[in-house]
Amino acid sequence: MDIELTINGERTRVEAGSAEDLATVLRQHGYIGVKCGCDGGACGASKVFVDGEVRMACGMAAADADGSEIQTVAALGTQDDLHPVQQAFVDNFAVQCGFCIPGMVIQAVALLDSNPDPTEREVREALDDNVCRCTGYQKPVEAVLDAAGRTRGEESVAADGGRSVDGAPRRAESTGCCGGECDE
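Residues numbered from 1 in each chain as written. Predicted model: local features only at pLDDT ≥ 70, side-chain atom pairs only at ≥ 80, totals over all residues. Heavy atoms only, no water.

- Naming follows an unreviewed UniProt entry, where the chain appears as Carbon monoxide dehydrogenase small subunit of Haloarcula amylolytica JCM 13557.

Next up, the structure:
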């Protein structure tokens, strides 16, 4: 079947099998920032905006997106002009293998759109359904907090990987590994 989508601002018609998910269709058409880590909408790697809402593209039938506006991580910025969240991930060394990062970035953008001044706990909760085997989540959390400061105009570059330029610790509820929910 043919479905009509607006992908990253460009209106297009794509062919999609009745059983194909949105992630597969997007990847078949070159949108490789959409990752498939679980093929069931559980890992967070396939997150995209569908009509402004965060959705896991691998858990959504492509046919259900017919007529929708899709925004992938590629629409957020360019290599020469990254979105503040993307730049914060780079500056805070929050990108390791990179597989889960597009989904985390999409989720972080959505969080900061709805809550421009999140606590560490709120960031951790927002990223909770993004499975990552490399980072341990600390650096991505620091990156989102840094991006929040940048979008509010409070901070520039986190050159030391998660602290503000003046070296003061970032606003957080705890220094523990999981936001104070363990004995560390």
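Points about the environment of H29
Reasoning step 1: Within the secondary structure layout, H29 lies in the loop between α1 (22-28) and β3 (47-50).
Reasoning step 2: Residues H29 and E15, spaced 14 residues apart in sequence, show a C-alpha to C-alpha distance of 9.7 Å.
Reasoning step 3: If near-sequence neighbours (up to four positions away) are discounted, H29 is found in contact with V14 and E15.
Reasoning step 4: Among the polar contacts made by the side chain of H29, one reaches the main-chain carbonyl oxygen of V25 at a distance of 2.8 Å. (Helix = DSSP H or I, 4+ residues; strand = E, 2+ residues; numbered from the N terminus. Contact = heavy atoms within 4.5 Å. Polar contact = N/O pair within 3.5 Å; in protein donor to acceptor, adjacent residues only side chain to side chain.)

Some thoughts on the packing of helix α3 (residues 101-114) against helix α5 (residues 138-151)
A pair of packed helices is captured by two measures, namely the crossing angle of their axes and the spacing between those axes.
Reasoning step 1: Here α3 crosses α5 at 40°, and the two axes come no closer than 11 Å. Taken together, the axis directions place α3 and α5 in an arrangement best described as oblique. The way α3 lies across α5 gives a crossing that is right-handed. Between α3 and α5, the contacting residues are M104, A108, L111 and L112 on the first element and P140, V144, A147 and A148 on the second.
Reasoning step 2: Partitioned by chemical class, the residues of the contact of α3 with α5 number eight nonpolar, no polar and no charged. (Axes fitted to C-alpha atoms, helices over the stretch in contact; angles between N-to-C directions. Parallel < 35°, antiparallel > 145°, perpendicular 65-115°, else oblique. Left-handed = near helix turned anticlockwise from the far one by under 90°. Nonpolar A, V, L, I, M, F, W, Y, C, P; charged D, E, K, R; others polar.)

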